[in-house]
Amino acid sequence: MKEREISRRRFLELAGISSTGIFFLKFPVERLFSQEVKMQDIRFEDHFEIDKDTIRKLLDLGLSKGADFSELYMEYTINENIFWEDQILKDASKGISRGIGIRVIKEDSFGYAFSDDISFESLKNCALTAAEIASGSAKVKSADLSPKRFKNLYPVKELFTKKPVPSKIDLLKRADDRARKYDPCINKVSASFMQTLKFITIVNSEGLYVTDAQPLIRFGISTVAEKNGKKQRGSRSGGGRIGMEYFIENPPEKLAKEASEQAVKFLDAKDSPAGKFPVVLAPGWSGILLHEAVGHGLEADFNRKKESNYSDRIGDKVASELCTVIDDGTIMNQRGSINCDDEGNKSNKTVLIENGILKGYMHDRISSKYFKVNPTGNGRRESYKQFPIPRMTNTYLLAGKSSSEEIISSVDYGIYTRNFSGGQVNISNGDFVFSAVESYLIEKGKITAPLKGVTLIGNGPDVLTRVKMVGNDFLLSDGVWTCGKNGQSVPVGVGLPTVKISEITVGGTKV
Amino acid sequence: MDLKKLEQITKYVVDLAKKKGADEADSIIRESKEFNVIVRLGKIESLKEAVSKSLGLRVIKDKRTAIVYTSDLEEKSLKKLVSDGIELVKYSDRDEFSTLPDKSELGIAKGDLKNFDSNVEKISSEKKISMAKEAEEASFAFDKRITNSGGSSFSTAISGMALSNSQGFSGSFSSTGSSLSVSMIADDLESEVKGKKQRGWWYTSNPFFDKLEKPQDVGKKAAKRTIMFLGARKVKTRQAPVLFDQFIASNLLSFLSSLVSGESIYRKMSIFVDKLGKKVGSEFLNVVDDGLMSRGFNSRPFDGEGVVSRKNVIFENGVLKTYLLNTYSAKKLGLKTTGNASRSIAGRPGVGISNFYLINGNISEKDLIGEVKDGLYLMETMGAGVNPVTGDFSVGALGMWIENGKILYPVSEITIASNINGMLNNILGLGDNLEFRGAYASPSLLIDKITVSGK
């Protein structure tokens, strides 16, 4: 795995921000990422107009009906988007969303309330509403708040807020130019650049007090090719928890060329065969298979409730011994990485499956208490409007020994899949699908014709035992994935080397 | 919820934007009050309650557009919001189609749409919790093969929306919704062949609380649908007719609505580009979008731009009669808005449906099944494998296999694939069971010549 280098000075500068700052919007955001601002100058009251005493008061109100635990999650998020279409900048948008969510836990039940009205009256109502999960009188009091620091995993050289809008528009224009230059049959191009900066502070009745600043960018381009009455689309996107320096290594032209190439190449896509075939997964994006086939099934909430097909199976062989599956929230600048999860626990590298043996689950607070294990830093939420649940971060399969040539040439007739639009899983039995938007036929050991989009369907535990070869060409996909669960979306990462699966059902049309 | 006050805030923001130099502006506020309880194994797992409010402003200056939004509605912040919008707008390019609707199109439909139930606010938490419990209990009691619960959830929402624009339009409305859903897990412990566990669900949802199905019925239906899938197997790959049940047929309609959206058309992201007035499907294809339907899930007196609501015929006997249009997509295509602007706080107006449904047929579902010699009764799909540009369609499927007009056994881990163009022309028949369970609705739909891929 390639980790981007960060200088010591840079690290110190940024690590401070991600651990001690509270909410602070009186300071221009860009100054936060320089040394001009002394961290001790930053206070709750600068933005949320609440101080530590008020916070303790709210935590105690949460505990006032006899609950075991209370927590405040404060969020201030800045979103900026620019959207390009028909060779003009269609619109620019900017928004702010801020609010506070209060969670109160009694055993493994909890109450949750949130408010974007941050007056004391309103927050007090939230705390009392959440407190209703218990019935009785206060048993515990909140502890003194003690700030905690974490290593910063998303050092940023140039934060998007520092860059003037016109230079960002130029990125979109460059992408459009490159896409159209690729082939005259590209007749529609749209592109967007989405930028988010999220500040969170989490405090709880056990004295935890954590702050993080999470940047996230995503650049996307979509093209339509039209030739001889046939039409096809192509798309690419990339990004991560990184600054504008992303575009040095990943110029917009690169994504644009790939999107156009896809649209043009697939104009003549053939009907995909239907039935069971060997499938070779290309490195990178194919990691979506792991995310669906095993990832969700190893989220501990499903296992605590014994809803998952992996419940009570730690120590069992659940995959081919070629498979070691990791969930890793600590990869530098990755989309799925987090310094701490949304319950304030440090993110981790968690081994889920090692050489085919199930090692552990991904936890939030409630499940880690239930299983009596340490938190794994997987308690995540979409925003203050939601409560945390176990979620993946970056989930990947470790590299093996085979070369990709070796793997592809071992297939006489099968499918090679490169890019996907998404997937879904049935937790209780592990049946899952993933939809390939870029796949090819393999004939006599060679990649040949591009195929129309197909859905592949399999059963997670079954497919993982059918992993016959694992490549030495591990690749983490560029930052594009968003995972949805219980109505909450969070950014995640996936990765995989080339993998051969001996047999999987391919949803083509050609019988 | 004080709708008049919400209107006043949007008016204030629009006036301020005009004063600061905007040529045109409109502003929207959404407020919602939500409640949700999840019960599992008879115990409350989570209880959530909240009120939230946020405001969005669109500024148009010199035919350039910017969008700004915030969840902080204090006056100071609103002033900052307006100046941000005025600052941001200069970066957009001139776009001659960027404008508010014509004044003549603005308006508020008269009459009671019956989309607000004043009882929703009055139902006690205890009542909601006990309904969730009751549904789950009924599921467990239905069959001993129901071995676990994925939870029983009761939700209510009361939402308000206000919109003002610089053409002088100002309006607001509120709506309500209640829903109860149950998800269960079945396992056949006594079966000789240890099959897969299965998960199934059922739900009831309505703007009106007293129109919800009874909790016991929801629980029983969820249990029934779950145990139906026990012992599911794969079938051999073949071409076969597929009977989409009401629920899956309405999902298909949701995809169809995205293909007739004016946005998809001008972006050339649809198989229906240049197909207006042409026959694109069989005689059975009659689709309506009705913003004024009484007790509709998504009925509203005006759309997301203040254009008065109406009933639009989208397909008639297989002919595409109109696209779904907002002001921008209509102008791009040289057409008139159909009152289908959808509006989020954070973006420019998009295109969206109101109540979008396929007109009822006249054959009972039982008779439709009776017509199938060898085919699939489709109850669930997985994934989103559809290409709007080519119409190619491939998704995971779960359902029952039909032979000689009889439902025989459950099937899973299979896919169905075809092309939407072909599917719309291969409709063999429609059920007589149109039922509104959401903003999309359809009777059962029998479609021929779909590739079922399995073993």
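This is a predicted model, so every value here is computed, not measured.

Rules used throughout
Residues numbered from 1 in each chain as written. Chains lettered and ligands numbered in written order. Predicted model: local features only at pLDDT ≥ 70, side-chain atom pairs only at ≥ 80, totals over all residues. Heavy atoms only, no water. Helix = DSSP H or I, 4+ residues; strand = E, 2+ residues; numbered from the N terminus. Buried < 20%, exposed > 50% of the residue type's maximum accessible area, 1.4 Å probe, protein only. Contact = heavy atoms within 4.5 Å. Areas by Shrake-Rupley, 256 points an atom, 1.4 Å probe, with all protein chains shown as cover. Lys, Arg positive; Asp, Glu negative; His and termini not counted. Charge placed at Lys NZ, Arg CZ, Asp CG, Glu CD. Rg over C-alpha atoms; globule rule 2.2 N^0.38 Å. Pairing = 2+ DSSP bridges. Buried area = accessible area lost by both parts, 1.4 Å probe. Salt bridge = Lys/Arg side-chain N within 4 Å of Asp/Glu carboxyl O. Polar contact = N/O pair within 3.5 Å; in protein donor to acceptor, adjacent residues only side chain to side chain. Nonpolar A, V, L, I, M, F, W, Y, C, P; charged D, E, K, R; others polar. pLDDT = per-residue confidence, 0-100. Phe/Tyr/Trp six-rings, centres within 6.5 Å; stacked < 30°, edge-to-face > 60°. Lys NZ or Arg CZ within 6 Å of the ring centre and 35° of its normal. Core = buried A, V, L, I, M, F, W, Y, C linked by side-chain atoms within 4.5 Å. Axes fitted to C-alpha atoms, helices over the stretch in contact; angles between N-to-C directions. Parallel < 35°, antiparallel > 145°, perpendicular 65-115°, else oblique. Left-handed = near helix turned anticlockwise from the far one by under 90°. Expected span 1.5 Å × (residues − 1).

Undergrad: Report on the overall build of chain B, specifying residues and quantitative values.
TA: Summing up its helical and strand segments, chain B has nine helices and 19 strands in all. With respect to the principal axes defined by its C-alpha atoms, chain B has extents near 75 × 55 × 40 Å. When the 455 residues of chain B are sorted by exposure, 60% land in the buried category. A separation threshold of at least 6 residues defines the contact pool for chain B, and within that pool the share at least 24 residues apart is 73%. Carbon and sulfur atoms make up 49% of the accessible area of chain B, which amounts to about 17,500 Å² in all. Looking at chain B, you have 65 positive and 56 negative side-chain charges, and the mean spots of the two groups are 2 Å apart.

Undergrad: Could you give an account of the overall build of chain A, with specific residues and numbers?
TA: Along its length, chain A carries 12 helices and 23 strands. For chain A, whose C-alpha radius of gyration is 24 Å, the value lies close to the compact-globule estimate of 24 Å for 511 residues. Expressed as lengths along the three principal axes of its C-alpha atoms, the size of chain A is roughly 70 × 55 × 40 Å. Counting over 511 residues, chain A shows a buried share of 66%. Within chain A, contacts between residues separated by at least 24 positions form 75% of all contacts whose residues are at least 6 apart in sequence. Element-wise, carbon and sulfur atoms account for 48% of the exposed surface of chain A, whose accessible area totals about 17,900 Å². For chain A, the distance from the average position of its 73 positive side-chain charges to the average position of its 66 negative side-chain charges is 2 Å.

Undergrad: So, the sheet that holds strand E9 (residues 311–316) of chain B: which residues are in play, and what are the values?
TA: Residues and elements named next belong to chain B. The strand order across the open sheet built from five strands is E10-E9-E8-E13-E18, with neighbouring strands paired in mixed fashion. The open sheet has two free edges, formed respectively by strand E10 (319–320) and strand E18 (440–441), since each of these has just one partner strand. Note: E9 against E10, two bridges, orientation antiparallel. Bridge pairing in E10 places Glu 316 opposite Val 319.

Undergrad: Kindly report on the interface of chain A and chain B, identifying the contributing residues and their values.
TA: Facing the 74 residues of chain A at the interface are 76 residues of chain B. Summing both sides of the interface, chain A and chain B together bury roughly 5,900 Å²; the carbon and sulfur share of this comes to 50%. On inspection of chain A and its partner chain B, the count reaches 12 salt bridges. In this structure, Arg267(B) engages Glu85(A) in a salt bridge whose closest nitrogen and oxygen atoms are separated by 2.3 Å. Applying the counting rule to chain A against chain B returns 42 residue pairs in polar contact (both at pLDDT 80 or more). Sort the elements by how many residues they give to the side of chain A that touches chain B and strand E2 (residues 88–106) of chain A lands first, with 11 residues. Per-class residue counts for the side of chain A that touches chain B are 26 nonpolar, 28 polar and 20 charged.

Undergrad: Can you lay out the confidence of the model for chain A for me, pointing to particular residues and giving the numbers?
TA: Of the residues in chain A, 90% have a pLDDT of 70 or more, and the chain-wide mean is 88. Between residues 1–45 of chain A, whose pLDDT stays under 50, and residues either more than four places distant or in other chains, the model counts 110 contacts.

Undergrad: Hey, could you go over the packing of aromatic side chains for me, with residue numbers and the actual values?
TA: Under the criterion given, the structure shown has 27 aromatic pairs over all chains. Between Tyr112(A) and Phe387(A), the ring centres sit 5.9 Å apart and the planes meet at 75 degrees, which makes this aromatic pair edge-to-face. One end of the pair, Tyr112(A), is in strand E3 (residues 109–115); the other, Phe387(A), is in the loop between strand E12 (379–380) and strand E13 (389–390), and 275 residues separate them in sequence. For the pair shown, Tyr112(A) and Phe387(A) are each scored as buried. Ring plane angle 10 degrees and centroid distance 6.2 Å describe the contact between Trp201(B) and Trp202(B), whose orientation is recorded as stacked. Ring pairing ties together the aromatic residues Phe193(A), Phe219(A), Tyr246(A) and Phe247(A), which thus form one cluster. One cation-aromatic arrangement involves Lys221(B) over Trp202(B); the distance from NZ or CZ to the ring centre is 4.0 Å. Above the ring of Tyr203(B), the side-chain terminus of Arg437(B) is found at 5.0 Å from the ring centroid.

Undergrad: Residue-level account of the pairing of strand E1 (residues 69–85) of chain A, with values.
TA: All names here are of chain A. Within E1, 14 of the 17 residues are buried, leaving the element largely enclosed by the surrounding structure. The sheet contact formed by E1 and E2 spans 17 bridges and is antiparallel. Considered in E2, the bridge of Met 74 is made with Ile 100. Adjacent in sequence and paired antiparallel, E1 and E2 are bridged by two residues, among which Asp 86 carries a positive phi angle near 50 degrees.

Undergrad: Now, about the nonpolar core: what can you tell me, with residues and values included?
TA: Judged by nonpolar contacts, the single largest core of 59 residues is most densely connected at Ile82(A), Leu172(A), Phe193(A), Phe219(A), Ile221(A), Phe247(A) and Leu57(B). Of the residues forming this core, the biggest block, seven residues, is contributed by helix H1 (residues 3–19) of chain B. Setting aside anything within four residues of it in sequence, one finds Phe247(A) in contact with Leu171(A), Phe193(A), Ile217(A), Phe219(A) and Pro252(A).

Undergrad: How would you sum up the confidence of the model for chain B? Please name residues and give values.
TA: A residue-level look at chain B finds 99% of positions with pLDDT of 70 or above and a mean pLDDT of 95. With pTM at 0.91, the complex prediction returns an ipTM value of 0.93.

Undergrad: Go over the environment of Gly460(A) with me, naming the residues and quoting the values.
TA: Positionally, Gly460(A) belongs in helix H12 (residues 460–465). Excluding residues that lie within four positions of it along the chain, Gly460(A) makes contacts with Ala293(A), Tyr310(A), Gly430(A) and Phe432(A).

Undergrad: Which residues make up the packing of H1(B) against helix H2 (residues 75–88) of chain B, and what are the values?
TA: Residue and element names in this part refer to chain B. Interhelical geometry of H1 versus H2 gives an angle of 40 degrees and a closest axis separation of 10 Å. Between H1 and H2, the crossing angle belongs to the class labelled oblique. The handedness of the crossing between H1 and H2 is right-handed. Across from Ile 9, Tyr 12, Val 13, Leu 16 and Ala 17 in H1, the residues of H2 making contact are Glu 75, Leu 78, Lys 79, Val 82 and Ile 86. Counted by class, the contact of H1 with H2 contains eight nonpolar, no polar and two charged residues.

Undergrad: Describe in detail the pairing of strand E1 (residues 24–40) of chain B, supporting the description with residues and values.
TA: Residue and element names in this part refer to chain B. Burial within E1 is extensive, with 12 of its 17 residues counted as buried. Looking at chain direction, E1 and strand E2 (residues 43–61) are connected through 17 bridges and run antiparallel. By the bridge assignment for E2, Lys 33 is matched with Val 51. The turn linking E1 back onto E2 is made up of two residues, and Leu 41 within it adopts a positive phi angle of 50 degrees. Bridging between E1 and strand E4 (residues 146–165) involves 14 bridges; their strand directions are antiparallel. Across the sheet, residue Val 37 finds its bridge partner in E4, namely Phe 154.

Undergrad: Account for the pattern of salt bridges, naming residues and giving values.
TA: Applying the stated criterion across every chain, the model contains 63 salt bridges over all chains. With its nearest N and O atoms 2.8 Å apart, the salt bridge here joins Arg174(A) to Glu253(A). Remark: Glu253(A) occurs in helix H7 (residues 252–265) and Arg174(A) occurs in helix H5 (residues 165–182); sequence separation between them is 79 residues. Looking at Arg174(A), the relative accessible area reads 30%, which means it is partly exposed. You can call Glu253(A) partly exposed: its relative accessible area is 24%. Across the pair Arg94(B) and Asp62(B) runs a salt bridge whose closest N-O atoms are separated by 2.6 Å. A residue pair is termed long-range when its members are at least 10 positions apart, and Arg94(B) in the loop between H2 and helix H3 (125–142) and Asp62(B) in the loop between E2 and strand E3 (64–70) qualify at 32 residues.

Undergrad: I'd love a proper account of H1(B), names of residues and values included.
TA: All names here are of chain B. For H1, with 17 residues, the first-to-last C-alpha span of 24 Å sits near the 24 Å given by 1.5 Å per residue. Of the positions making up H1, those classed as buried are Leu 3, Leu 6, Glu 7, Ile 9, Thr 10, Val 13, Val 14, Leu 16 and Ala 17. As for H1, its buried residues are in contact with E1, E2, H2, E4 and strand E5 (170–186). Just downstream of H1 lies Gly 21, where phi reads positive at about 120 degrees.

Undergrad: For unusual backbone geometry, give the residues involved together with the corresponding values.
TA: Positioned with a positive phi, Asp312(A) is a non-glycine residue whose angle comes to about 55 degrees. Judged by relative accessible area, which is 57%, Asp312(A) ranks as exposed. Positive phi, normally seen in glycine, also occurs at Asp62(B), with a value near 60 degrees.

Undergrad: Requested: an account of the side chain of Glu136(B), with residues and values cited.
TA: Residues and elements named next belong to chain B. In this fold, Glu 136 is placed in helix H3. The charged side chain of Glu 136 is buried without a salt bridge, its nearest counter-charge being Arg 40 at 5.9 Å. Among the polar contacts listed, one links the side chain of Glu 136 to the backbone nitrogen of Gly 42, at a separation of 2.8 Å. Other than its neighbours up to four places away in sequence, Glu 136 contacts Val 39, Arg 40, Leu 41, Gly 42, Ser 149, Ser 152, Val 182 and Met 184.

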